[in-house]
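# Structure assessment
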Amino acid sequence: MNTLAIKGGKVMSEETKTNINRREFFSYLTVGWVAFTAAVAGLLGLTFRFTFPNVNFEPEMDFLAGNPADYEEGVDERWKVKYGVWIIKLEGRLAALSNICTHLGCIPNWLAGERKFKCPCHGSGFYQNGINFEGPAPRPLERFKITMTPEGTIKVDKTKIYRYEKGQWDNPESYLEV
Amino acid sequence: MIKEFINYISDPIRSFPIMAILFFLQMKFYRTFGTKKFYALLMLIGIPLVFLAATDPNFLLILTWPDNVPISLLILSLGFFTWLSFHKAAVNDARIEAGEPPVEGTPEMREKVWCWPNLVYTELFMMIAATVFLIAWAIIFKAPLEEPANPTWAPNPAKAPWYFLGLQEMLVYFDPWMAGVVLPGIIVVGLLAIPYLDTNPKGNGYYTIKERPMAISLFLFGFLVLWIFLIIIGVFMRGPNWTFYGPFEFWDFHKVQAAFNINLSEFFWVKGLNMPMPRSIFLREIVGIVLTFAYLSLPGFLFSKMKRGKEMLERIGNIRYYFLVFLVLSMGTLPIKMVLRWLFSLKYIIAMPEFEFNL
């Protein structure tokens, strides 16, 4: 302790500095703990702030997907890379299928020859309507809200999710009659 | 012909039971396995065989893949150190039977040496050697860099780092919550608990198998068969779409593998009783729930009524006993689920995707 402790305007002698009394000890302790807590809280605050990036490169959560006439019967991959969505047209219904595997969140591939989605991570397989049938995936792929704008284009909203096992695929917002 | 046969038996459906049997033979005949002659024979046969196998272009491609080179080295060193521990245990067990102390307990082995210079010198040289090795390696083999990450695209096959491939292989048979969180948690807690569960003072400071066969068999089964072997499968034999490919098989992207799976509830209600699935989720999964509770409670209870189990319960006490039983049963879920998947295409014993709960 080279710094001089100053108390009541008087410079303390060497002896009193080395033998701090009980009251002083507790005040040092309090200051120390308060400073420590403040530092930890500040660091935690910074860490928390760090989880909210200044710039977000994630794709838009909703997008316009062209006219219903653009789609053939079956699976369409044109929005997969940009928005992570397959547009599927089956039995006169259009639906927007999520491309995230329901097992552990990998990105399955559409195998046109086998007519199925197959996940490269653990081998889960899904029919073209998104129902799981092989591998460990516990539930079908999720579907997104799909609506028609007044201009006649398709609008896909990824913030609203429809899950088969909860019976939500019957919801009129989860498909488009064409 | 031989290549096709090897491809055929290395499918985990066949190679997993083979490995389990080999493991138990190794534990049973550890004195033969632990001789120097046996190891020399193994190397004399094994090394030429590997070189012979490497003449196959598909196998050579897998073996020389930059990611896989260190894994092959690790497997070799693991084999050596496993043999070394068995060798030392075999020597010690023979000595103990003859009434002598184990090798580690002889006066000349109990002699103490100084940390400096004896240990620190060795460490320094090993450090330099390891650095030289790493630099040479970094120059010879280029790191396999891939394209920038893209959240809407995954490589095929998408493989975890090699040390997690056993876990990834496990995930094929389990819900991600089980194989990704619960089972690894149990593994870590279980390994931490070993010193508190194990009250047997034998084997402290010396190698032995005969004095504690159960502890060593249980641990090595979990480590060698359920962890290392699955890593080997995951590294060398899982190709595009996580389909199994034999060591001499071309990684054909379009290899079709029938993997149609169904849940136990569907087996029971639809196939067994020929009726539609009940509406209530709990009624639907009642068989799986009952089986799971039976699996977790009955074996420990029944074993405690047997002679060996009774002795063990008395020796280590209730808490240690049931904790140990729970850990062993958790370990057993992996082979059980693998076999059920292979034999009956069973997906989940309890399947409640509504609650994200699947066993």
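Residues numbered from 1 in each chain as written. Chains lettered and ligands numbered in written order. Predicted model: local features only at pLDDT ≥ 70, side-chain atom pairs only at ≥ 80, totals over all residues. Heavy atoms only, no water.

## As for the overall build of chain B
What counts, and what does not: Note on conventions: DSSP H or I runs of at least 4 residues are helices, E runs of at least 2 residues are strands, and numbering of each starts at the N terminus. A simple rule labels every residue: compare its accessible area, found with a 1.4 Å probe on the protein chains alone, to the largest value its type can have, and call it buried under 20%, exposed over 50%, or partly exposed in between. The contact rule is simple, with two residues in contact once any of their heavy atoms fall within 4.5 Å.
When you go through chain B residue by residue, the secondary structure sums to 16 helices and two strands. C-alpha extents for chain B along the principal axes are approximately 75 × 60 × 40 Å. The 359 residues of chain B split such that 37% are buried. Put simply, 67% of the contacts in chain B that link residues at least 6 apart link residues at least 24 apart.

## Focus: the interface of chain B and chain A
For the record, the criterion: In the sections that follow, a salt bridge refers to a side-chain nitrogen of Lys or Arg positioned within 4 Å of a carboxyl oxygen of Asp or Glu. By the criterion applied in these results, polar contacts are pairs of N or O atoms within 3.5 Å in which, for protein atoms, one can donate a hydrogen and the other can accept it, and in which residues neighboring in sequence qualify only through two side-chain atoms. All amino acids are sorted into three groups, where Ala, Val, Leu, Ile, Met, Phe, Trp, Tyr, Cys and Pro are nonpolar, Asp, Glu, Lys and Arg are charged, and the leftover types, Gly among them, are polar.
Contacts between the two partners involve 32 residues from chain B, matched on the other side by 30 residues from chain A. Here R163(A) and E356(B) are joined by a salt bridge, their closest N and O atoms 3.0 Å apart. At the boundary of chain B and chain A, one finds ten residue pairs in polar contact (both at pLDDT 80 or more). Looking at side-chain class alone, the side of chain B that touches chain A contains 18 nonpolar, nine polar and five charged residues.

## Quick word on the pattern of salt bridges
Pairs may arise between side chains of opposite charge once their charged atoms sit close together. Taken as a whole and assessed by the stated rule, the structure comprises 21 salt bridges over all chains. Note that E177(A) is salt-bridged to R93(A), the shortest N-O span being 3.5 Å. Taken as a pair, E177(A) in strand β13 (residues 176-177) and R93(A) in strand β6 (residues 93-98) lie far apart in primary sequence, 84 residues in all. Residues participating in the shared-partner salt-bridge network are R139(A), E142(A), R163(A), E165(A) and E356(B).

## Concerning the packing of aromatic side chains
The cut-off we apply is this: Pairing of aromatic rings covers Phe, Tyr and the six-membered ring of Trp, with a centre-to-centre limit of 6.5 Å; geometry is then stacked below 30 degrees between planes, edge-to-face above 60, and tilted otherwise.
Evaluated as defined, the whole model comprises 34 aromatic pairs over all chains. On the basis of an interplanar angle of 50° and a centroid distance of 4.8 Å, the ring pair of W110(A) and F117(A) is categorised as tilted. Residue W110(A) shares its accessibility class with F117(A), and that shared class is buried. Each ring, one from Y121(B) and one from F125(B), has its centre 6.2 Å from the other, and the planes form 85°; the classification is edge-to-face. Placement of the pair is Y121(B) and F125(B) together in helix α8 (residues 115-140), with a separation of four residues, close to one helical turn. Given the relative accessible area of 46%, Y121(B) is considered partly exposed.

## As for the domain arrangement of chain B
Residue and element names in this part refer to chain B. Cut-off, in case you're wondering: How far each domain reaches was decided by an automatic or database domain assignment. Defined here as a combined quantity, buried area equals the accessible surface (1.4 Å probe) lost by two parts on assembly, summed across both.
Partitioning chain B into domains gives domain 1 (2-144 + 206-242) and domain 2 (264-358). The gap between the C-alpha centroids of domain 1 and domain 2 is 33 Å. Each partner contributes residues to the interface: domain 1 has nine residues there, and domain 2 has eight residues. Contact between domain 1 and domain 2 buries roughly 830 Å² in total, counting both sides, with carbon and sulfur atoms accounting for 93%.

## Concerning the environment of W227(B)
All names here are of chain B. Summarising the element assignment, W227 is placed in helix α11 (residues 213-236). Separated by 57 residues in sequence, W227 and M170 have C-alpha atoms that sit 9.2 Å apart. When near neighbours in sequence (up to four residues on either side) are disregarded, W227 contacts Y163, G166, L167 and G222.

## Considering the environment of I154(A)
All names here are of chain A. Residue position: I154 is located in strand β12 (residues 154-162). Overall, I154 belongs to the buried group, its relative accessible area being 0%. C-alpha of I154 to C-alpha of L64: the two residues are 90 residues apart in sequence and 5.7 Å apart in space.

## Description of the packing of helix α1 (residues 2-10) of chain B against helix α2 (residues 12-28) of chain B
Residues and elements named next belong to chain B. To keep it simple, the criterion reads: Angular values range over 0 to 180 degrees, each being the angle between N-to-C directions of two axes fitted as lines to C-alpha atoms, with helices fitted over their stretch in contact. Our angle categories are set so that under 35 degrees counts as roughly parallel, over 145 as roughly antiparallel, 65 to 115 as roughly perpendicular, and the remainder as oblique.
Following both chains from N to C, one finds α1 and α2 inclined at 75°, their axes separated by 5 Å at the closest point. When the axes of α1 and α2 are compared, the pair comes out roughly perpendicular. Along the contact surface, α1 presents Y8, I9 and S10, while α2 presents P12, R14, S15 and I18. Among the residues making up the contact of α1 with α2, the classes are represented as four nonpolar, two polar and one charged.

## Considering the sheet that holds strand β7 (residues 109-111) of chain A
Residue and element names in this part refer to chain A. What counts is decided by this rule: Note on pairing: two strands pair once DSSP finds at least 2 bridges between them.
Reading across from one edge, β7-β8-β9-β10 is the order of the four strands in this open sheet, with antiparallel pairing throughout. For this open sheet the edge positions go to β7 and β10 (132-134), each flanked by a neighbour on one side alone. Across two bridges, strand β8 (residues 116-118) lies against strand β9 (residues 125-126) in antiparallel orientation. When the sheet's bridge partners are listed, F117 is paired in β9 with F126.

## A look at the state of the cysteines
Put plainly, two cysteines are in a disulfide when a covalent bond ties their sulfur atoms together. Residues and elements named next belong to chain A. Test applied: Our working definition of a disulfide is a cysteine sulfur pair at a distance within 2.5 Å.
Within this structure, the stated rule accounts for one disulfide over all chains. Bridging C106 to C121, the disulfide has an S-S length of 1.9 Å. Because the torsion about its S-S bond is -80°, the bridge between C106 and C121 counts as left-handed. Residue C106 is located in the loop between β6 and β7, and its partner C121 is located in the loop between β8 and β9; the two are separated by 15 residues in the primary sequence. Of the two residues examined, C106 and C121, each falls in the buried class. Looking at the unpaired C119, the closest cysteine sulfur is the one in C101, lying at 3.9 Å.

## Points about the side chain of D56(B)
Residues and elements named next belong to chain B. Here D56 lies in the loop between α4 (36-53) and α5 (57-64). Polar side-chain contacts of D56 include one of 3.0 Å to the backbone nitrogen of N58. Apart from the residues within four sequence positions on either side, D56 is in contact with K3 and F248.

## Here we look at helix α15 (residues 307-316) of chain B
Residues and elements named next belong to chain B. Selection criterion: In this description, one arc is meant: the one made by directions from the helix axis to the C-beta atoms.
Along α15, the residues that are buried comprise G309, M312 and I316. Buried positions in α15, seen along its axis, are confined to an arc of 65° and lie on one side of it. For α15, exposure combined with an orientation more than 90 degrees from the buried face picks out K307 and E314. Buried residues in α15 make contact with α11, α14 (286-305) and α16 (318-344). Looking one or two places after α15, you find G317, whose phi comes out positive at around 90°.

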